[in-house]
Protein chains: 2
Amino acid sequence: MKGHASAVRTTAVLLVLFLASPPAGAEEGMWTFDNPPLKALSAKYGFEPDAKWLEHVRLSAVRFMDGGSGSFVSAHGLVLTNHHVAVGQLQKMSRAGRDYVKTGFYAARPKDEIKCPDLELNVLDNMNDVTAKVLAAARGKRGEAAIKARRAERARLAEEAKKKTGLECEVISLYQGGEYWLYCYRKYTDVRLVFAPERQAAYFGGDHDNFTYPRHDLDFALFRVWQDGKPLQPQHYLRFNRRGAARGELVFVVGHPGRTQRLYTVKQLEFDRDHGFPLRLEFFETTIAALEKYSQRGPEQRRRALVRIFAFNNAKKAYGGMYQAIKAPGFMERFSKTEQRFRQRVASRKEWQRQYGSAWDEIATTLDKYEAELTRRSLHNLWGASLAGKAITIVKLVGELQKPDAERLDGFHQAQLDRLRFNLFSPAPVYPDFEAVTLEVALRFALKHLPADDPFAKVLGELGDPRQAAERLCRQSKLKDPAFRKQLVQGGPTAVAKCNDPLIVLARKLVPILVADEHWRKQTVDAVITPASERIGQARFAAFGKDVYPDATFSLRLSYGTVRGYPMNGTLAPYQTTLYGLFDRSLGFDRQGEWSLPERFWQRRNHLDLATPVNFVCDCDIIGGNSGSPVINRRAELVGLVFDGNIESLAGRYFFDDTVNRTVSVHSAYIIEALRKLYDAGDLADELEMP
Amino acid sequence: MKGHASAVRTTAVLLVLFLASPPAGAEEGMWTFDNPPLKALSAKYGFEPDAKWLEHVRLSAVRFMDGGSGSFVSAHGLVLTNHHVAVGQLQKMSRAGRDYVKTGFYAARPKDEIKCPDLELNVLDNMNDVTAKVLAAARGKRGEAAIKARRAERARLAEEAKKKTGLECEVISLYQGGEYWLYCYRKYTDVRLVFAPERQAAYFGGDHDNFTYPRHDLDFALFRVWQDGKPLQPQHYLRFNRRGAARGELVFVVGHPGRTQRLYTVKQLEFDRDHGFPLRLEFFETTIAALEKYSQRGPEQRRRALVRIFAFNNAKKAYGGMYQAIKAPGFMERFSKTEQRFRQRVASRKEWQRQYGSAWDEIATTLDKYEAELTRRSLHNLWGASLAGKAITIVKLVGELQKPDAERLDGFHQAQLDRLRFNLFSPAPVYPDFEAVTLEVALRFALKHLPADDPFAKVLGELGDPRQAAERLCRQSKLKDPAFRKQLVQGGPTAVAKCNDPLIVLARKLVPILVADEHWRKQTVDAVITPASERIGQARFAAFGKDVYPDATFSLRLSYGTVRGYPMNGTLAPYQTTLYGLFDRSLGFDRQGEWSLPERFWQRRNHLDLATPVNFVCDCDIIGGNSGSPVINRRAELVGLVFDGNIESLAGRYFFDDTVNRTVSVHSAYIIEALRKLYDAGDLADELEMP
């Protein structure tokens with residue numbers, strides 16, 4: 001599940017519509033820390049984590065703001081995550097002739113550690129239920145007015161808390177608006193790279209083995225958090241247990257699942273199936289083809305494109321798998337049956353039926369009514385074109401800053417600006433020739449799918465031939481220089497209005513269209529679907545209380561389950577793989593292609609304990625964004641590192657099937673064995689294993 | 001694909017109806033040695049085997065009459081086959097306290113080799129086209145009379161050839177009666193066990209891993225053919241090449257595929273789907289449950305039942321998989337489309353349409369007409385009850401011997417009697433308590449499914465309670481003694497008529513019903529379907545000439561293909577596995593259950609070359625009966641030993657899909673490495689590797 005990171009990010013492509021359904025069975029569930037499934041744990045496993053356990057685990061967990069999870073694993077601020085979560089930073093640190101993605105990296109001394117250009121880490125310091133305040137702000141209001149009032153109150157509460165505590169604060173909606181919570185995070189931006197293995201070891205099996213199991217990936221990396229010029233001494237971190245977890249043992253996953261849509265209505269799922277998926281998959285394929293072609297220009301171009309190619313292949317496999325699953329016989333029937341049961345339950349009480357019963361049909365009617373318009377406007381986008389995206393952000397930002405906080409577009413509220421600036425002014429390198437390729441793809445894609453008289457298409461059409469336009473714009477633009485971007489933002493509306501940078505000129509034409517789109521959607525679609533979804537969320541509470549979990553929102557969650565294999569391909573998949581299996585699989589492809597291994601593996605194989613577990617599976621419930629999450633045992637010791645879901649779990653965004661859905665993790669023993677015997681990094685292993 | 005042997009045997013359960021369809025694509029095809037696919041080989045691989053190559057390969061190939069394949073592999077008569085082909089004999093050689101299935105066996109000196117109780121091996125000495133003679137015998141006759149005339153001529157030709165040459169002869173029908181061939185075999189019945197590994201090594205992964213890949217089985221055994229008290233010095237045997245075959249290399253499989261039904265009409269397949277499969281699967285499950293229960297009585301009972309449990313689990317997995325495949329969306333559509341294309345081709349020429357066009361409908365009408373009657377009479381059977389089966393054979397035999405050869409039931413013609421007696425008088429041990437269990441299952445199954453007024457059911461009903469009857473009959477019967485069976489047959493009809501052995505008494509009542517069934521079927525069903533099938537066969541010849549291959553008939557065939565992996569479970573299956581993979585998979589299940597390994601593997605693992613290939617896959621076309629077939633390269637060197645098909649190939653009986661159907665083989669290197677380093681059998685390895 002390489003690139004959970006990108007999975008989280010690209011979800012913006014689909015309409016975000018969160019709804020409600022009946023409670024979970026089996027080990028399903030991504031629970032918030034205010035409502036852990038204590039009853040179920042106690043009943044099934046005779047184990048009930050206490051408040052201290054929960055606090056310790058929560059304060060050890062780390063959110064990677066570029067789309068992943070991690071945890072503190074030493075007294076000196078070491079943070080463990082996946083290589084594929086780290087790979088974006090590795091790429092940004094690399095240059096021609098210095099390719100950390102390929103060679104890996106190890107800082108034997110603190111002073112050799114390299115600072116990440118734009119990595120922000122978060123730790124959830126505290127959380128408070130602000131449902132009453134948010135709902136009170138909208139009391140007596142309806143439709144768009146209610147939405148606006150709640151949005152304003154959420155922005156206000158976040159900014160107020162941020163000012164008071166100095167923490168990074170946000171008000172999140174859970175249970176589709178059934179609850180609102182103020183989450184405040186400790187933020188770290190001085191994060192330094194300590195260790196990463198070679199891509200061939202971390203991503204062994206490449207795109208082929210991605211999302212599959214049995215698996216053999218050393219998919220980990222280590223960062224260190226610094227503060228005030230010294231390594232951070234975190235109050236809480238997870239102890240490493242290299243013995244791992246036994247078959248059948250209870251384990252927990254603590255992390256930040258990005259997005260699930262298990263509470264979608266049938267109509268919403270059908271809408272995605274018929275519009276979102278085909279379009280998205282076409283875009284992935286087009287982009288991959290363009291990037292592959294670009295990377296054939298030479299080794300340096302290959303280096304520049306490779307991480308993006310991974311990410312798009314990852315997205316293609318993930319969404320392709322989901323799409324196949326949704327279209328497979330029986331899937332929609334199953335999904336519909338769940339909804340029917342829930343609606344029957346609602347209909348069984350008169351007052352429920354009166355309050356909530358019409359919500360499903362309201363959503364359906366709205367989606368039908370605006371189907372064409374929604375699809376057309378969703379194509380007002382320059383997907384994948386990062387430099388053009390920066391131009392659009394700058395133009396939007398200087399405009400929004402003129403408005404009072406309560407009236408700004410989402411993403412531009414006062415409490416969100418630090419993070420926005422941190423990313424916008426990142427010193428990570430920008431390659432104009434590479435940017436031109438992605439912009440060309442974006443232009444062609446929008447022009448292909450939009451009608452000629454569409455305003456967005458008209459602006460793009462005026463640019464002339466997409467290839468020449470993309471090359472000209474990216475070559476001439478000065479936006480690749482972070483100082484120039486900063487200067488523009490500091491200059492405000494005047495500077496932006498006067499600027500003749502060609503990407504800014506383009507963005508000035510596009511932003512009014514995008515802003516109009518947002519207003520249109522709020523007034524038409526959201527004005528119906530948001531309150532209808534909230535009512536479904538309330539119906540769920542009414543029917544099931546808090547014995548249910550909210551859909552994933554890239555906020556901290558706790559999943560639990562046991563270490564176990566599953567039926568696969570006519571037999572059983574083992575609960576774990578070992579170093580034996582790694583060498584076997586490489587030899588099964590004559591040590592070639594995605595299954596080649598760094599030479600050190602072959603040279604040192606006789607020094608390794610080949611029975612060392614490499615990867616293992618458990619039936620904890622995860623989704624993209626959980627990459628890098630620690631797997632812990634009852635004693636809150638780290639026994640593994642989540643890095644993937646199996647191919648059967650791809651439909652997990654919509655439906656959890658505990659017979660075959662599995663979380664795939666790196667075993668703690670493999671990390672230690674590799675550090676000590678393959679990478680001569682015994683010091684790091686010692687730091688992890690320090691009692 | 002443990003127990004291809006039994007798969008071949010149990011096919012008697014289903015109606016045997018062979019028909020015709022269009023020619024094969026890709027590497028599909030099981031070619032007879034008179035018509036090897038030279039053009040395709042030359043065009044695709046630039047390799048054209050000459051007559052000498054073909055003769056050498058044919059005379060090195062061995063048929064195991066209990067349902068498998070093998071080959072001569074040394075100058076001193078060593079025959080290589082699968083452990084699971086040998087396991088029937090291993091079981092028959094075992095006794096309480098001497099369990100060769102469990103412990104394996106190795107005769108370090110020739111005098112320690114153990115003679116098999118009832119193993120017959122065949123080598124195809126020569127083959128002649130006798131189509132003209134067989135068709136001439138039936139000229140001017142129609143329906144049942146034509147069938148009878150052909151049957152008589154086939155029996156006559158076989159007996160004539162047998163007398164003349166001393167060889168074992170049979171006239172087989174190919175291309176659904178499009179051709180008839182006289183096949184004459186050199187027969188060997190002094191066959192001695194030389195080597196077999198422990199079941200845990202041979203059948204590693206057990207029923208779970210059966211029919212799947214990646215795989216790690218040491219599924220081989222070695223016999224030696226003796227003649228006149230000395231090891232045979234065969235003129236032809238395959239040289240061993242422990243380097244095996246490279247990825248992408250052209251390889252051949254030479255063996256005896258049991259049965260395919262790729263030329264079934266749609267109606268026939270539907271008939272099997274709706275009648276044959278559900279009944280058969282229910283029988284397998286009932287038997288397995290009864291045998292499992294029996295084996296819980298104690299370790300000796302477990303030893304007695306285990307090989308039969310393997311066989312039935314194997315059959316259940318094979319037929320269950322086929323059944324699922326047939327019922328899966330798209331399968332019948334695909335099968336129908338093939339038939340439609342063929343029928344359209346036939347319809348495209350007036351004279352073809354006139355001669356062949358009605359055949360499909362005639363088959364359909366007949367199956368519809370006799371549907372209920374066919375199903376009822378197919379239940380006149382004591383499936384799995386071997387001792388009762390011997391009684392039935394004896395009663396039938398003494399009766400048939402009274403008739404002229406031409407008029408006997410199939411299986412009792414003069415040329416078939418040696419083999420029948422060899423099996424009937426086998427000294428293999430018979431366990432009355434075990435026989436009672438299988439007889440009880442058979443009684444209950446027939447009584448459950450047959451109407452109460454059915455004559456077969458009436459006879460069984462008169463026995464009283466099935467458990468008590470089965471126990472009484474098997475305990476009291478003297479048929480377990482081969483001398484008694486011989487004495488009865490020698491005594492002829494008088495001895496059998498007077499005999500008061502309870503199983504003979506029962507058989508005397510059942511045999512008239514069974515004989516009547518055969519006559520009924522010949523006069524009604526076969527009288528239509530046989531000629532209709534022949535016409536479809538002729539249509540196929542008319543349309544495609546001999547660029548097609550005949551359905552499998554447990555006669556010698558040549559398949560070709562390349563060594564290559566395939567798409568599986570979201571990624572690629574490797575073309576080979578290694579000893580690394582064997583240890584990995586065992587550790588993946590904590591070395592327990594079906595994935596435990598003999599201790600010698602763990603003790604000696606550091607002496608092994610772990611990169612030794614264990615199993616590999618190629619896309620040659622095989623089916624049950626091919627177990628034990630040699631895989632050879634262009635130089636006719638043995639590079640592997642077929643032992644299974646992957647789970648995707650289960651529908652191969654009806655349809656070959658070269659994208660995923662794969663043959664799974666033991667690599668030649670694993671056999672040598674195991675003999676030398678695990679079993680201290682270097683002498684045997686030397687004999688195999690002798691240049």
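Residues numbered from 1 in each chain as written. Chains lettered and ligands numbered in written order. Predicted model: local features only at pLDDT ≥ 70, side-chain atom pairs only at ≥ 80, totals over all residues. Heavy atoms only, no water.

With reference to specific residues and values, describe the overall build of chain A.
When helices and strands are tallied, chain A shows 25 helices and 20 strands. Relative to the 2.2 N^0.38 estimate, which gives 26 Å for 691 residues, the radius of gyration of chain A is 25 Å and therefore close to what a compact globule would have. Buried positions account for 64% of the 691 residues belonging to chain A. Long-range pairs, those at least 24 residues apart, make up 79% of the contacts in chain A between residues at least 6 apart in sequence. With the model as given, the accessible surface of chain A reaches about 25300 Å², and the carbon-plus-sulfur share is 50%. For chain A, the centre of its 99 positive side-chain charges and the centre of its 83 negative side-chain charges are spaced 3 Å apart. (Helix = DSSP H or I, 4+ residues; strand = E, 2+ residues; numbered from the N terminus. Rg over C-alpha atoms; globule rule 2.2 N^0.38 Å. Buried < 20%, exposed > 50% of the residue type's maximum accessible area, 1.4 Å probe, protein only. Contact = heavy atoms within 4.5 Å. Areas by Shrake-Rupley, 256 points an atom, 1.4 Å probe, with all protein chains shown as cover. Lys, Arg positive; Asp, Glu negative; His and termini not counted. Charge placed at Lys NZ, Arg CZ, Asp CG, Glu CD.)

Explain the interface of chain B and chain A to me, using residue names and the numbers behind them.
Contacts between the two partners involve 34 residues from chain B, matched on the other side by 34 residues from chain A. For the chain B and chain A pair, buried surface summed over both sides reaches about 2800 Å², with 52% attributable to carbon and sulfur atoms. The largest share of the area that chain B buries against chain A comes from N569(B), Y580(B) and D584(B), three residues that together contribute 23% of it. Run the count over chain B and chain A and you get two salt bridges. Here R247(B) and D590(A) are joined by a salt bridge, their closest N and O atoms 3.2 Å apart. (Buried area = accessible area lost by both parts, 1.4 Å probe. Salt bridge = Lys/Arg side-chain N within 4 Å of Asp/Glu carboxyl O.)

Give a detailed account of helix 20 (residues 482–498) of chain A, specifying residues and quantitative values.
Each α-helix winds once per 3.6 residues, and so residues spaced three or four apart point in a common direction. Residues and elements named next belong to chain A. A rise of 1.5 Å per residue sets the reference length of helix 20, with its 17 residues, at 24 Å; its end C-alpha atoms lie only 19 Å apart and thus fall more than 12% short of the reference. For helix 20, the principal kink sits at G492 and spans about 125°; a proline, P493, occurs within the next four residues. For helix 20, every residue scored as buried is listed here: F484, R485, L488, V489, G492 and V496. Buried residues in helix 20 make contact with helix 15 (386–400), helix 16 (417–424) and helix 21 (502–544). Where helix 20 starts, the residue carrying a side-chain oxygen 3.0 Å from the main-chain nitrogen of A483 turns out to be D481. (Expected span 1.5 Å × (residues − 1). Bend = angle between axes of the 7 residues up to and from the residue. Polar contact = N/O pair within 3.5 Å; in protein donor to acceptor, adjacent residues only side chain to side chain.)

Give me the relation of the copies chain B and chain A: which residues, what numbers.
With an RMSD of 0.0 Å, the fit of chain B onto chain A corresponds to turning through 180° and sliding 0.0 Å along the axis. These values place the two chain copies in the arrangement generated by a two-fold rotation axis. Of the interface residues in chain B, 100% have counterparts in chain A that sit at the interface too, so the contact is made through matching surfaces. (Least-squares fit on C-alpha atoms with pLDDT ≥ 70 in both.)

Please set out the packing of aromatic side chains residue by residue, giving values where relevant.
Under the defined criterion, the tally for this structure stands at 69 aromatic pairs over all chains. Ring geometry for F277(A) and Y319(A): centres 6.0 Å apart, planes at 50°, overall tilted. Of this pair, F277(A) sits in helix 10 (residues 266–295) while Y319(A) is found in helix 11 (residues 299–327), placing the two residues 42 residues apart along the sequence. Note on Y319(A): relative accessible area 1%, which makes it buried. Note on Y580(A) and Y580(B): the rings are 6.5 Å apart at their centroids and 55° apart in plane angle, and the pair reads as tilted. A residue pair is termed interchain when its members come from two chains, as with Y580(A) in helix 22 (residues 579–587) and Y580(B) in helix 22 (residues 579–587). Here Y580(A) matches Y580(B) in class, with each residue buried. Taken together through their ring pairs, the aromatic side chains of F277(A), F283(A), F284(A), F312(A), Y319(A), Y323(A), W383(A) and F445(A) make up a single cluster. Stacked on the ring of F554(B), the Lys or Arg R63(B) has its end atom at 5.3 Å from the ring centre. In this arrangement the basic side chain of R192(B) is found over the ring face of W226(B), its NZ or CZ atom lying 3.7 Å from the centre. (Phe/Tyr/Trp six-rings, centres within 6.5 Å; stacked < 30°, edge-to-face > 60°. Lys NZ or Arg CZ within 6 Å of the ring centre and 35° of its normal.)

Summarise the sheet that holds strand 13 (residues 557–562) of chain B; cite the residues concerned and give the values.
All names here are of chain B. Taken in spatial order, the seven strands make up an open sheet running 13-12-18-19-20-17-16, and their pairing is antiparallel. Each edge of the open sheet carries a strand with a single partner, namely strand 13 and strand 16 (576–578). On average, each strand axis in the sheet is inclined to that of its neighbour by 30°, with strand direction left out of account. In terms of strand pairing, strand 19 (residues 638–645) meets strand 20 (residues 663–667) through five bridges, oriented antiparallel. Bridge pairing in strand 20 places D644 opposite V664. (Pairing = 2+ DSSP bridges. Axes fitted to C-alpha atoms, helices over the stretch in contact; angles between N-to-C directions.)

Before we move on, could you go through the side chain of R662(B) and cite the residues and values that matter?
All names here are of chain B. Here R662 is to be found in the loop between strand 19 and strand 20. In this structure R662 is buried but unpaired, with D619 as the nearest side chain of opposite charge at 5.0 Å. A polar side-chain atom of R662 sits 3.1 Å from the main-chain carbonyl oxygen of R564. Contact partners of R662, with chain neighbours within four places excluded, come to R564, G565, Y566, V617, C618, D619, D644, G645, N646 and S649.

Describe the sheet that holds strand 18 (residues 630–632) of chain A, and please don't skip the residues or the numbers.
All names here are of chain A. A sheet is described by the order of its strands in space; here seven strands give the open sequence 13-12-18-19-20-17-16, paired in antiparallel fashion. Each of the sheet's edge strands pairs with one partner strand only, and the pair in question is strand 13 (557–562) and strand 16 (576–578). In this sheet, adjacent strand axes meet at a mean angle of 30° when their direction is disregarded. Pairing of strand 18 with strand 19 (residues 638–645), which is carried by three bridges, proceeds in the antiparallel orientation.

Hey, could you go over helix 11 (residues 299–327) of chain B for me, with residue numbers and the actual values?
All names here are of chain B. With 29 residues, helix 11 extends 40 Å from end C-alpha to end C-alpha; this agrees with the ideal 42 Å at 1.5 Å per step. At A305, helix 11 shows its largest bend, some 40°. For helix 11, the buried fraction is high: 23 of the 29 residues fall into the buried class.

Run through the domain arrangement of chain A, naming residues and quoting values.
Accessible area lost upon the coming together of the parts serves often as the stated size of an interface. Residues and elements named next belong to chain A. Splitting chain A by domain gives domain 1 (7–120 + 189–262 + 550–689), domain 2 (123–187) and domain 3 (266–539). Each of domain 1 and domain 2 has a C-alpha centre, and these two points are 30 Å apart. Across the boundary between the two partners, domain 1 contributes 21 residues, which contact 16 residues of domain 2. Between domain 1 and domain 2, the buried area comes to about 1500 Å², and carbon and sulfur atoms account for 59% of it. The largest share of the area that domain 1 buries against domain 2 comes from D34, R63 and P550, three residues that together contribute 31% of it. Where domain 1 touches domain 2, the interface holds one salt bridge. Where E170 meets R63, a salt bridge forms, and the shortest distance between an N and an O atom there is 3.4 Å. Linking domain 1 to domain 2 there are four residue pairs in polar contact (both at pLDDT 80 or more). Taken together, the elements giving at least two residues each to the side of domain 1 that touches domain 2 come down to helix 3 (51–60) and strand 1 (61–64). In terms of residues, the side of domain 1 that touches domain 2 owes the most to one element, strand 1, which gives three residues. Per-class residue counts for the side of domain 1 that touches domain 2 are 10 nonpolar, five polar and six charged. (Domains from an automatic or database assignment. Nonpolar A, V, L, I, M, F, W, Y, C, P; charged D, E, K, R; others polar.)

An account of the environment of I529(B) is requested, with residue identities and associated values reported.
Position of I529(B) among the secondary structure elements: in helix 21 (residues 502–544). Between the C-alpha atoms of I529(B) and W360(B), which are 169 residues apart in sequence, the distance is 9.2 Å.

Account for the pattern of salt bridges, naming residues and giving values.
Counted under the stated rule, the structure contains 102 salt bridges over all chains. The salt bridge partner of R156(B) is E153(B), with a shortest N-O separation of 3.0 Å. Of this pair, R156(B) and E153(B) are both found in helix 7 (residues 143–165), three residues apart, which corresponds to roughly one turn of the helix. A salt bridge links D217(B) to R215(B); its shortest N-O distance comes to 3.2 Å. One salt-bridge network, in which partners are shared between bridges, spans E373(A), R376(A), R377(A), D454(A) and D517(A).

Outline the nonpolar core, listing residues and values.
Counting 186 residues, the largest nonpolar core has L222(A), F601(A), L675(A), L222(B), F601(B) and L675(B) as the members making the most contacts within it. Excluding residues within four positions of it along the chain, F601(B) makes contact with A201(B), L218(B), L582(B), F583(B), Y670(B), L678(B) and Y679(B). (Core = buried A, V, L, I, M, F, W, Y, C linked by side-chain atoms within 4.5 Å.)

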